[in-house]
Amino acid sequence: MALLDHENLDVYHCSIEFLTLALRLGARLPRGERELRDQLKRAAMSVPLNIAEGAGKPTTADRVRFYAIARGSAMECGALVDVCRVAGFLPPVDAEDAKLLLGRIVAMLTRMCRG
């Protein structure tokens, strides 16, 4: 089976791994935290979606623009993980694991944004 361009990128696979963690975290949030759950889901989904869209663009400038959007969403996810930790919804060890994965994603996207 032929892979799509984005499926060959390690950053895409890492972003899917983080999305899986974010969805699990969202499912564990208390009922009254719907806005936080929705924001985490949107930001986490934005990362792989923008990576995929960027990988499909024909010019470097277009690719970089989408990778930069994905990077911004990954940074937002880091802040959302902090919010969940501070609010007591995420144990510090789980927050650290999530932030390490996000750090890896951001580092890869930073390199990709340099064209």
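Right above here is the structure, for reference.
The structure presented is a predicted model; accordingly, all values stated were derived computationally and were not measured.

**Student:** What's the story with the overall build of the protein chain in this structure? I'm lost.
**Tutor:** When helices and strands are tallied, the protein chain shows 4 helices and 0 strands. In terms of overall dimensions, the protein chain is globule-like: its C-alpha atoms have a radius of gyration of 14 Å, near the 13 Å expected for 115 residues. Oriented by its inertia axes, the alpha-carbon framework of the protein chain measures out at about 45 × 30 × 25 Å. Burial status across the protein chain gives 37% buried among its 115 residues. In the protein chain, of all internal contacts separated by at least 6 residues, the share reaching a separation of at least 24 is 71%. Here the protein chain holds 16 positive side-chain charges and 14 negative ones, and the gap between their average locations is 2 Å.

**Student:** Would you mind going over the side chain of Ser-15 with me for this structure?
**Tutor:** In this structure, Ser-15 sits in helix H1 (residues 10–28). According to the relative accessible area criterion, Ser-15 is buried, its value standing at 1%.

**Student:** Which parts of the structure should I look at to understand the pattern of salt bridges?
**Tutor:** Within this structure, the stated rule accounts for 4 salt bridges. The closest approach of N and O atoms between Asp-94 and Arg-28, which form a salt bridge, is 4.0 Å. With a gap of 66 residues between them, Asp-94 in helix H4 (residues 92–113) and Arg-28 in helix H1 connect regions that are remote in the sequence. Here Lys-99 ties to Asp-82 by a salt bridge, and the two come within 2.7 Å at their closest N and O atoms. Placement of Lys-99 in helix H4 and of Asp-82 in helix H3 (residues 60–86) is noted, with a sequence separation of 17 residues between them. Overall, Lys-99 belongs to the partly exposed group, its relative accessible area being 33%. On the accessibility criterion, Asp-82 (25% relative accessible area) is partly exposed. Within the structure, one salt-bridge network assembled from shared partners comprises Asp-82, Arg-85 and Lys-99.

**Student:** I tried to follow the nonpolar core on my own but got confused; where do I start?
**Tutor:** With 31 residues, the main nonpolar core has Phe-18, Val-47, Ile-51, Val-81, Leu-102, Ile-105 and Leu-109 as its most contacted residues. Among the secondary structure elements, those contributing two or more residues to this core are H1, helix H2 (34–55), H3 and H4. With 8 residues, H4 is the largest single contributor of residues to this core. Leaving out residues up to four positions away in the same chain, Phe-18 has contacts with Ala-44, Cys-77, Val-81, Ala-98, Leu-101, Leu-102 and Ile-105.

**Student:** Help me out: how do you make sense of H1 in this one?
**Tutor:** Helical geometry: 3.6 residues make up each α-helical turn, so side chains three or four residues apart lie on a common side. Along its 19 residues, H1 runs 28 Å from first to last C-alpha, staying within 8% of the 27 Å computed at 1.5 Å per residue. Buried within H1 we find Val-11, Tyr-12, Cys-14, Ser-15, Phe-18, Leu-19, Ala-22, Leu-25 and Gly-26. All buried residues of H1 fall inside an arc of 155° around its axis, so they share one side. Of the exposed residues in H1, those oriented more than 90 degrees away from the buried face are Arg-24 and Ala-27.

**Student:** What should I look at first to understand the environment of Glu-35 in this one?
**Tutor:** Relative to the elements of secondary structure, Glu-35 occurs in helix H2. On the basis of relative accessibility, which here comes to 54%, the residue Glu-35 falls in the exposed class.

The rules behind these values
Residues numbered from 1 in each chain as written. Predicted model: local features only at pLDDT ≥ 70, side-chain atom pairs only at ≥ 80, totals over all residues. Heavy atoms only, no water. Helix = DSSP H or I, 4+ residues; strand = E, 2+ residues; numbered from the N terminus. Rg over C-alpha atoms; globule rule 2.2 N^0.38 Å. Buried < 20%, exposed > 50% of the residue type's maximum accessible area, 1.4 Å probe, protein only. Contact = heavy atoms within 4.5 Å. Lys, Arg positive; Asp, Glu negative; His and termini not counted. Charge placed at Lys NZ, Arg CZ, Asp CG, Glu CD. Salt bridge = Lys/Arg side-chain N within 4 Å of Asp/Glu carboxyl O. Core = buried A, V, L, I, M, F, W, Y, C linked by side-chain atoms within 4.5 Å. Expected span 1.5 Å × (residues − 1). Arc of directions from axis to C-beta.

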